[in-house]
Amino acid sequence: MDNFSAIDKQQVLRDSLACWNTGKTQEWLDLGIDMVMGRREGYYFWDLDGKRLMDVHINGGTFSLGHRNPEIIAALTEAATQYDIGNHHFPSPLKAALARELTESAPGMTHAVYGSGGGEAIDLALKSARAATGRRRIISIQNCYHGHTGLAVNTGAARFAQPFLAGESAEFTKVPFNDAGAMAAALSLNDAACVIMETIPATYGFVMPEDGYLPAVKALCEKHGALYIADEVQTGLMRSGDMWAIYGYGVRPDMIVTAKGLSGGIYPITAVIMNDRAASWIFRDGSAHMATFGGSELGCAVALKVLEILRRDSTRANVEFISSYLRGGLEKIRARYPEFFVRIRQNGVIMGLKFAGDESAVTVMQQLYEAGVWGIYSMLDPSVLQFKPGLLATREYCDELLEKLEFGIGQAAAL
Ligand SMILES: Cc1ncc(COP(=O)(O)O)c(C=O)c1O
């Protein structure tokens, strides 16, 4: 018995409808998903009713190392015996150690600045690009999502900007992904501070960059004096099989933004990893930007443990194994439903499963939920299911997952 069994699920749903997020709660109920999370362990979680779900949503990589990873909980618990959030004005052993680890993990980088949310870190990267160049214009990709905060929401799709009267400013230019010509035209005015892109755009359904596209964008940035910001919130931290996916495409960015998984799913912490050019404001006026919770010492302790786990040979080997093992299994399922399950997009355990029909991944999500798998559709392309298995998943887990996928996808194909 755990404490969750005593909770009245219907009361939680009523309270959520009344005073948490009415629209979101209703949206899930309308889709037949009345989930209220209770127990969670590894790559499973349970509804308060007891229904068990295999988690391949993992909140965009937040739970890459599993829910309530015991090593991360131990690191947090140990740190809490001596540390707290710390004073954001002073250097600290944990902040310094994490900055060293992060910069050493990313060739060309010299500094790491912390935040507590991904959007906050994106805003900091965009501000840093403006400070470094003295330019205001920011170029991003159509149908992207970089977060909910002031600058970040302006870079993103209208779906998230318009409700808050953002996204219309001439300071923000959007170009189609995989279109180097459009990027060249946008940069040709020589007035852009930066280009910000996810290495593989998650909310757009993990569309893979075409050969040569990302290096071409980087070369254009260099030619026109703009910085290149790699949003690796969903693609970084070993999900591609390397610490940062961007280097695998032959690009050395000026900044990398990391969030979600850096927290180990336990304590929020995010970072912008910068080269000297991007960090120009730090040399001029280090107090120009600050955040009370950014780089909290407890968060640093957690992130240091996350990086230690990620750097292990066994972790890299497991990512390689499950990437190809799941690919093999998914190809077999696809071969059974070729008209419906039309494509597998993949780099490591970053995967998008594309189905026929505009909203098809919503149906797949519902059927998988019934079958005991939680994976979410891509909000900016609901024909793609985001498929994000955890880095430490076992072969047995993958077998169970593939069995349930085959069933759920079969059910959706038959509708
Ligand atoms: C690619 C990407 N960038 C930035 C963010 C914003 O992160 P956060 O929700 O922590 O503010 C997200 C969140 O989903 C994301 O997927």
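Residue numbers restart at each chain and count upward from 1, following the sequence in its written direction. Two thresholds apply to this predicted model, a pLDDT of at least 70 for residue-level local features and 80 or more for giving and counting side-chain atom pairs, whereas whole-chain, interface and lining totals are computed over all residues. The basis for every side-chain value is the complete set of non-hydrogen atoms in the structure, without hydrogens or water.

## Description of the overall build of the protein chain
Convention followed: Working definition: helices are DSSP H or I runs of at least four residues, strands are E runs of at least two. Numbering for both runs from the N terminus. The quantity called the radius of gyration is restricted to C-alpha atoms. Its globule counterpart is 2.2 Å times the number of residues to the power 0.38. Any two residues having at least one pair of non-hydrogen atoms within 4.5 Å are treated as being in contact. Positive residues here are Lys and Arg, negative ones are Asp and Glu, while His and the chain termini are left out of the count. Lysine's charge is taken at NZ, arginine's at CZ, aspartate's at CG and glutamate's at CD.
For the protein chain, the count of helices and strands is 14 helices and 15 strands. Over its C-alpha trace the protein chain gives a radius of gyration of 21 Å, about what one expects of a compact globule, namely 22 Å for 415 residues. If one aligns the C-alpha atoms of the protein chain with their principal axes, the spans along those axes are about 55 × 55 × 45 Å. Contacts spanning at least 24 positions in sequence make up 72% of the contacts within the protein chain whose residues lie at least 6 apart. Side chains of the protein chain carry 38 positive and 46 negative charges; the gap between the two charge centres is 3 Å.

## Focus on helix H5 (residues 118-133)
Selection rule: An expected span of 1.5 Å times one less than the residue number is assigned to each helix. Working definition: with a 1.4 Å probe on protein chains only, accessible area under 20% of the residue-type maximum means buried, over 50% means exposed, and in between means partly exposed.
Over its 16 residues, H5 extends 23 Å from the first C-alpha to the last, a length consistent with the 22 Å expected when each residue adds 1.5 Å. Restricting attention to buried positions, one finds in H5 the residues Gly119, Ala121, Ile122, Asp123, Leu124, Ala125, Leu126, Ser128, Ala129, Arg130 and Thr133. Two residues or fewer past H5, Gly134 is found with a positive phi of approximately 70°.

## Section: the side chain of Lys9
Put simply, the test is: Think of a polar contact as two N or O atoms within 3.5 Å of one another; within protein, one of them needs to be a possible hydrogen donor and the other a possible acceptor, and neighboring residues in sequence only count if both atoms come from side chains.
By the secondary structure assignment, Lys9 is in helix H1 (residues 9-19). At a separation of 2.8 Å, a polar atom in the side chain of Lys9 contacts the main-chain carbonyl oxygen of Asp34. When sequence neighbours within four positions are dropped, the list of residues in contact with Lys9 reads Asp34, Val36, Asp47, Leu48 and Asp49.

## Description of the pattern of salt bridges
Just so we agree on the cut-off: Each reported salt bridge corresponds to a side-chain nitrogen of Lys or Arg within 4 Å of a carboxyl oxygen of Asp or Glu.
In total, this model carries 20 salt bridges according to the counting rule given. A salt bridge links Arg312 to Glu71; its shortest N-O distance comes to 2.8 Å. Separated by 241 residues along the polypeptide, Arg312 in the loop between helix H11 (297-311) and helix H12 (313-336) and Glu71 in helix H3 (residues 70-80) bring together distant segments of the chain. For Arg312, a relative accessible area of 28% translates into the label partly exposed. Residue classification places Glu71 among the partly exposed positions, given a relative accessible area of 31%.

## A word on unusual backbone geometry
Although it is not a glycine, Asn59 adopts a positive phi angle of roughly 45°. Relative to the helices and strands, Asn59 resides in the loop between strand E3 (52-55) and H3. If you check the backbone angles, Phe206 has positive phi at about 50° while not being a glycine. Tracing the backbone through its elements, the reader meets Phe206 in the loop between strand E7 (192-198) and helix H9 (213-224).

## Regarding the packing of helix H4 (residues 93-104) against H11
The line we're drawing: Note on geometry: axes are lines fitted to C-alpha atoms, helical ones only across the stretch in contact, with angles between N-to-C directions running from 0 to 180 degrees. Left-handed describes a crossing whose near helix is turned anticlockwise from the far helix through less than a right angle; right-handed describes the clockwise counterpart. Note that Gly is not counted as nonpolar here; it falls among the polar residues with everything else outside the nonpolar set of Ala, Val, Leu, Ile, Met, Phe, Trp, Tyr, Cys and Pro and the charged set of Asp, Glu, Lys and Arg.
Between H4 and H11, the shortest axis-to-axis distance is 9 Å and the interhelical angle comes to 35°. Handedness of the crossing formed by H4 with H11: left-handed. For the pair H4 and H11, contact is made by Pro93, Leu94, Lys95, Ala97, Leu98, Glu101 and Leu102 and by Glu297, Cys300, Ala301, Ala303, Leu304, Leu307 and Arg311, respectively. Classifying every residue of the contact of H4 with H11 gives ten nonpolar, no polar and four charged.

## A short note on the domain arrangement of the protein chain
For clarity, the threshold we go by: Marked domain ranges trace back to an automatic or database domain assignment. Once two parts are brought into contact, the accessible area they lose, counted with a 1.4 Å probe and summed over both, makes up the buried area.
Each domain of the protein chain was delimited in the assignment, giving domain 1 (3-61 + 313-414) and domain 2 (70-311). Computed over C-alpha atoms only, the centres of domain 1 and domain 2 are separated by 26 Å. Listed as interface residues are 26 residues of domain 1 and, on the opposing side, 28 residues of domain 2. Roughly 2,200 Å² of surface becomes buried between domain 1 and domain 2 when both sides are summed, with 59% attributable to carbon and sulfur atoms. Counting across the domain 1 and domain 2 interface gives one salt bridge. Here domain 1 is connected to domain 2 by eleven residue pairs in polar contact (both at pLDDT 80 or more). Of all the secondary structure elements, the ones that give two or more residues to the side of domain 1 that touches domain 2 are H12, strand E11 (341-347), strand E12 (350-355) and strand E15 (381-387).

## Digging into the pairing of E3
The line we're drawing: Any two strands with at least two DSSP bridges between them are considered paired.
Looking at chain direction, strand E2 (residues 44-47) and E3 are connected through three bridges and run antiparallel. Bridge assignment links Tyr44 to a residue of E3, and that residue is Met54. The hairpin turn running from E2 into E3, its antiparallel successor, is four residues long, and Gly50 in that turn takes a positive phi close to 105°.

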